[in-house]
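Residues per chain, in single letters:
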Amino acid sequence: MKKVIIVRHGESVWNSENKFTGWTDVELSKKGKEEAKNAGVILKNYKFDVAYTSVLKRAIDTLKIILDELNIDIPIKYSYKLNERHYGALQGLNKDEMRKKYGEEKVKLWRRSIDVRPPSLTIDDDRYPGNDPKYSGISDLPLTENLQDTIDRVSEYYEKEIKGQIRDDKSVIIVAHGNSLRALIKYIFNLSNEDTLNLEIKTGCPICVEFDDDLTPIEYYYVK
C-alpha cells in the first residue's frame, strides 16, 4: 500500500475576512499558523521524502511550519499548477456581499460548480497575475478559472511530477489549497460532479490518500 498526505493551508487572513482569495498572495492568520502547527503534531508519526506546494505563501508557510514541527529537511518542489483556483474579478471581494448582489445560487455556482467561471479579470487589472514576477515567462496565466480548469492543470502536474514519486515508493506530502486539492481528489478517485460539489477540504487538517501497489486509489480520510 502507498500513502500520500495532502493538506490544505491553514486559515489565511482573507479566509478570516470571508473574501475570495484565489491567486492573491495573502498571509496566514494567527489561527492559520496554529492550524499548521497542529497539522505537524498530527503527522508526528509520518516520515516524508519530498514535498510539493504552490507558489502562494499561505501554502508555503503552512508546509514549512509542518516540516519544522516534524524536524525534517526534505526537498520542496513549488509550482503554480498547485495554486488555488483563480477567482477572476471576485478576488478580494467579500463573499456575503457578493451573495447579496448576485444571489446565493449564483455565488454557489461560481464557488462549487465544475464548469462555471466567475467574472474575468482584464490584463490591465492590477490583480492580473502577469504583474507578479513569480509568474514571469508563463504564457497561459488565467484571468479566471472554473474547477475544470483547475482540474486540468493540477492533474497534468500530478501525472508529470508527483505520480512517479509515489510509484517509486517515495513518501509524499502536498500542501496546497481548497480547490486545487478538491481537483486532485476528483481526478484521482474519478468523483462525480455532484460528489465534487459537496466535497469540503478543511484548513490545516491532513488527509491521507491510499493507493494499492499498482497506484489504484483505495480511499482517502482525515488523519487523526
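Everything below is about the structure printed above this text.
Counting restarts for each chain, with residues numbered from 1 along the sequence as it is written. Totals for whole chains, interfaces and linings use all residues, but because this is a predicted model, local features are given only for residues with pLDDT of at least 70 and pairs of side-chain atoms are given and counted only at 80 or more. With hydrogens and water stripped out, all remaining heavy atoms of the structure feed into the side-chain values.

Caption draft 1: Looking closely at the sheet that holds strand β2 (residues 50-53). Should DSSP find at least two bridges between two strands, the strands are taken to pair. Numbered from the N terminus, helices here are DSSP runs of H or I no shorter than four residues, and strands are runs of E no shorter than two. The strand order across the open sheet built from six strands is β3-β2-β4-β1-β5-β6, with neighbouring strands paired in mixed fashion. In the strand order of this sheet, the two ends are held by β3 (76-78) and β6 (217-222), each with one partner. On average, each strand axis in the sheet is inclined to that of its neighbour by 20 degrees, with strand direction left out of account. Sheet topology note: the strand β1 (residues 2-8)/strand β4 (residues 172-176) ladder contains five bridges and is parallel. Pairing of Arg8 across the sheet is with Ala176, part of β4. Contacting β1, β2, β3, β4 and β5 (207-211), helix α6 (residues 147-167) crosses the sheet at an angle of about 160 degrees to β2. Convention adopted: a line fitted to C-alpha atoms gives each axis, helices being fitted over their contacting stretch, and angles between N-to-C directions are expressed from 0 to 180 degrees. We call two residues contacting when some pair of their heavy atoms lies within 4.5 Å.

Caption draft 2: Fine view of the nonpolar core. Grouped together as the largest cluster of nonpolar side chains are 29 residues, with contacts concentrated most on Ile6 and Ile174. Elements with a minimum of two residues in this core: β1, β2, α6, β4, α7 (178-189) and β5. In terms of residues, this core owes the most to one element, α6, which gives seven residues. Excluding anything up to four places from it in sequence, Ile6 contacts Ile174, Leu181, Leu184, Ile185, Cys205, Pro206, Ile207 and Val209. Counting 16 residues, the second largest nonpolar core, distinct from the first, contains Ile5, Leu43, Ala51 and Val223. What makes a nonpolar core is a set of buried Ala, Val, Leu, Ile, Met, Phe, Trp, Tyr and Cys residues whose side-chain atoms join them at distances within 4.5 Å. Here's how the labels work: a residue is buried when its accessible area is under 20% of the maximum for its type, exposed when over 50%, partly exposed in between, all with a 1.4 Å probe on protein chains only.

Caption draft 3: Structural context of the layout of surface pockets. Residues are called lining when one of their atoms sits within 4 Å of a cavity or pocket point, these points coming from a 1 Å grid over the protein atoms alone, where a cavity is a set in which a 1.4 Å probe fits but cannot get out and a pocket is an open set with protein on both sides within 12 Å along at least five of seven lines. Grid points are joined across faces, edges and corners, and a volume is the space filled by probe spheres set on the points. When its volume is computed, the largest pocket comes out at roughly 330 Å³. Breaking the lining of the largest pocket down by element, the ones donating at least two residues are α1 (13-16), α5 (104-112) and α7. Residues that form the lining of the largest pocket fall into these classes: four nonpolar, seven polar and nine charged. Only Asp, Glu, Lys and Arg are considered charged in this grouping, and only Ala, Val, Leu, Ile, Met, Phe, Trp, Tyr, Cys and Pro are considered nonpolar; every other residue, Gly among them, is considered polar.

Caption draft 4: Main features of the packing of aromatic side chains. Ring pairs are drawn from Phe, Tyr and Trp, using the six-membered ring of Trp, whenever the two centres fall within 6.5 Å, and their geometry is named by plane angle: stacked under 30 degrees, edge-to-face over 60, tilted for the rest. The full count for this structure, using the stated rule, is nine aromatic pairs. A ring pair is formed by Trp23 and Tyr80, whose centres lie 6.1 Å apart and whose planes are at 65 degrees; its orientation type is edge-to-face. Here Tyr80 lies in the loop between β3 and α4 (95-102) and Trp23 lies in the loop between α1 and α2 (30-42), a separation of 57 residues in the sequence. Ring geometry for Tyr52 against Tyr157: centres 6.0 Å apart, planes inclined by 80 degrees, an arrangement best described as edge-to-face. One end of the pair, Tyr52, is in strand β2; the other, Tyr157, is in helix α6, and 105 residues separate them in sequence. What makes Tyr52 buried here is its relative accessible area of 0%. Looking at Tyr157, the relative accessible area reads 11%, which means it is buried. Taken together, Trp23, Tyr80 and Tyr135 form an aromatic cluster joined through their ring pairs.

Caption draft 5: Representation of the environment of Asp125 within the structure. Checked against the element boundaries, Asp125 lands in the loop between α5 and α6. Judged by relative accessible area, which is 18%, Asp125 ranks as buried. Each C-alpha atom of the pair Asp125 and Arg153 lies 23 Å from the other, and the pair is 28 residues apart in sequence. What qualifies as a polar contact is a pair of N or O atoms within 3.5 Å, subject to a donor-acceptor requirement within protein and to the restriction that residues adjacent in sequence count only when both atoms come from side chains. From its side chain, Asp125 meets the backbone nitrogen of Arg127 in a polar contact 2.7 Å long.

Caption draft 6: Representation of α2. Over its 13 residues, α2 runs 19 Å from end to end, which matches the ideal 18 Å to within 8%, given 1.5 Å per residue. When α2 is considered as a whole, its buried residues turn out to be Gly32, Glu35, Ala36, Ala39 and Gly40. Projected onto a plane normal to the axis of α2, the buried residues spread over an arc of 145 degrees and lie on a single side. Looking at the buried side of α2, the elements it contacts are α3 (57-70). Here, expected helix span is obtained from the residue count minus one, scaled by 1.5 Å. In this description, one arc is meant: the one made by directions from the helix axis to the C-beta atoms.

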